[in-house]
Amino acid sequence: MVSTQPGQLLTYDFRSLNNTSPVTEEPKRSLKILQWNIERNYESDAIITTLKKINADVIILQEIDIGCKRSQGRNHMLELCKALGVKGGFVCEFLELESPIRRPRDQGGGIHGNAILSKYDLDFRVINHHYHGYDWDHNGERLREPRKGKRCSLAATINAPGLPPILCYTLHLEVFCGITARVSTFSEIFQDASQHTKQYPHQLICGDLNTMAHSIARLSSKYANDRYRFLSLGETEASWWDRRLLSFHERDGPINSKLSTSGWFGWIFPWFIIKHWPWLYQLGSGFNMDVLKMARNPGFYDPWPVNYVTLENPEYFGLFKAKLDWTMIRCMEVINRSCGNEDYSESDHAYLMVEVVPDDPKQVEQQYSLWKQRRKQWNGEEKSTKIVWIASCLVALATAAAAYYWNK
């Protein structure tokens, strides 16, 4: 039985079983990156078969079980690395407690977490978050899933022959919270990435961000429990993230003004005025100042549309579907992309594959302008700022009026 605890790293290296040795392999021009939430390895054998067919250079996964009864008590991390002939790092997020209150499909008894696998050399580092959207230690039983631990992210530096080192992240954000908690947790990834851009300009962030607080999900306080449950009306959470988080580059200002309530503080009060009263930003957004400073994009773009569906729940007759999975790229050009498992037969998530070519040193120096070009290339023109400003002001005024009459 694996004794890894929450926040700890577990590694396996089965590259010696692979017929192709990374040491003797020809220098590469590009890397194939796969992002996939594999849903607790319920369909483990089918997942391994698919991963072998894809033959990605880097495999970024969420929801890996080790020793849990719901997935036959198997060490799925070891099985994945051995079957694929790769090196892998697994960060344990939770001890899944075995309990009679769990449904058979959710039964614990082992550990659960996320991983990065590759046929090339990897150096791992665990990121322990300060912001958490749900207290699993004390409230897990309310969801009939008693567990111990917290959300953790994993970073790895990939060293492939002929390519510069590439820093990548795997993360799985909390689903039982709201936009505020998810963005707060994610802001720590942006901060970590920003601190390493000089040493590792080529980076990627992949994961299941659980950007789902829209459509009928916003009617449930279980899945949407903050002010943005209604202040994001008219768009999906993925679209909200794109407009308020990914579109604000760290060069655009010392704090992310687009995270103010529906963006309207950022339009009415420019930074040179608001900087004297920072409490206005916190009041308007619900984010504290540390998050507003960290939540500035150091240059990532996502080559998938904000309305691209990676999860669709058939129980809701098409009323709920969302882009939960992201592949954010920095200082690399996407030359190919594909997706799979769109029938959700092997997992409740579709997988995303991108093939990237790292920018050369001259392109890295032009990172800001290239970031703008690539966002436009893959995501199109942003919505008219005038329309967004008017709509945001109307939402803010309606909210203020409702609060006034409610308390009158």
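Up top you'll find the structure we're talking about.
Residues numbered from 1 in each chain as written. Predicted model: local features only at pLDDT ≥ 70, side-chain atom pairs only at ≥ 80, totals over all residues. Heavy atoms only, no water.

Q: Quick question: what am I supposed to make of the packing of helix H1 (residues 44–54) against helix H2 (residues 76–84) here?
A: In a pair of packed helices, the angle between the axes and the distance between the axes together describe the arrangement. One can describe the packing of H1 onto H2 by two numbers: an axis separation of 10 Å at closest approach and a directional angle of 35°. H1 and H2 meet at a crossing whose hand is right-handed. Every residue of H2 that contacts H1 at Ser44, Ile48, Leu51 and Lys52 is listed here: His76, Glu79, Leu80, Ala83 and Leu84. Class assignment of the residues belonging to the contact of H1 with H2 gives a composition of five nonpolar, two polar and two charged. (Axes fitted to C-alpha atoms, helices over the stretch in contact; angles between N-to-C directions. Helix = DSSP H or I, 4+ residues; strand = E, 2+ residues; numbered from the N terminus. Left-handed = near helix turned anticlockwise from the far one by under 90°. Contact = heavy atoms within 4.5 Å. Nonpolar A, V, L, I, M, F, W, Y, C, P; charged D, E, K, R; others polar.)

Q: Which parts of the structure should I look at to understand the side chain of Ser44?
A: Residue placement: Ser44 occurs in helix H1. Looking at Ser44, its side chain comes within polar contact range of the side chain of His76, at 3.2 Å. Leave out the neighbours within four places in its chain, and Ser44 touches Arg74, His76 and Glu79. (Polar contact = N/O pair within 3.5 Å; in protein donor to acceptor, adjacent residues only side chain to side chain.)

Q: What exactly am I supposed to notice about the pattern of salt bridges here?
A: When the charged atoms of two side chains lie near each other, side chains of opposite charge can form a pair. Summed over the entire model, instances satisfying the criterion amount to 25 salt bridges. With a shortest N-O distance of 2.6 Å, Lys69 and Glu98 are connected by a salt bridge. With Lys69 in the loop between strand E3 (58–66) and H2 and Glu98 in the loop between strand E4 (87–96) and strand E5 (110–118), this pair connects stretches of sequence that are 29 residues apart. Accessibility expressed as a relative area gives 47% for Glu98, which makes it partly exposed. Sharing partners across several salt bridges, the network here consists of Arg40, Asp65, Arg70, Glu96, Arg102, Arg103, Asp106, Glu145 and Arg147. (Salt bridge = Lys/Arg side-chain N within 4 Å of Asp/Glu carboxyl O. Buried < 20%, exposed > 50% of the residue type's maximum accessible area, 1.4 Å probe, protein only.)

Q: Explain H1 to me, please; I cannot follow it from the model alone.
A: An α-helical turn contains 3.6 residues, so any two residues separated by three or four positions project in the same direction. Inspection of H1 places Ser44, Ile47, Ile48, Thr50, Leu51 and Ile54 among the buried residues, and these make up the whole buried set. All buried residues of H1 project into a common sector of 165° when viewed along the axis, lining one side. Residues of H1 that are exposed and angled more than 90 degrees away from the buried face: Asp45 and Lys53. Buried positions along H1 lie against strand E2 (31–37), E3, H2 and strand E15 (351–358). Two residues or fewer after H1 comes Asn55, characterised by a positive phi angle close to 55°. (Arc of directions from axis to C-beta.)

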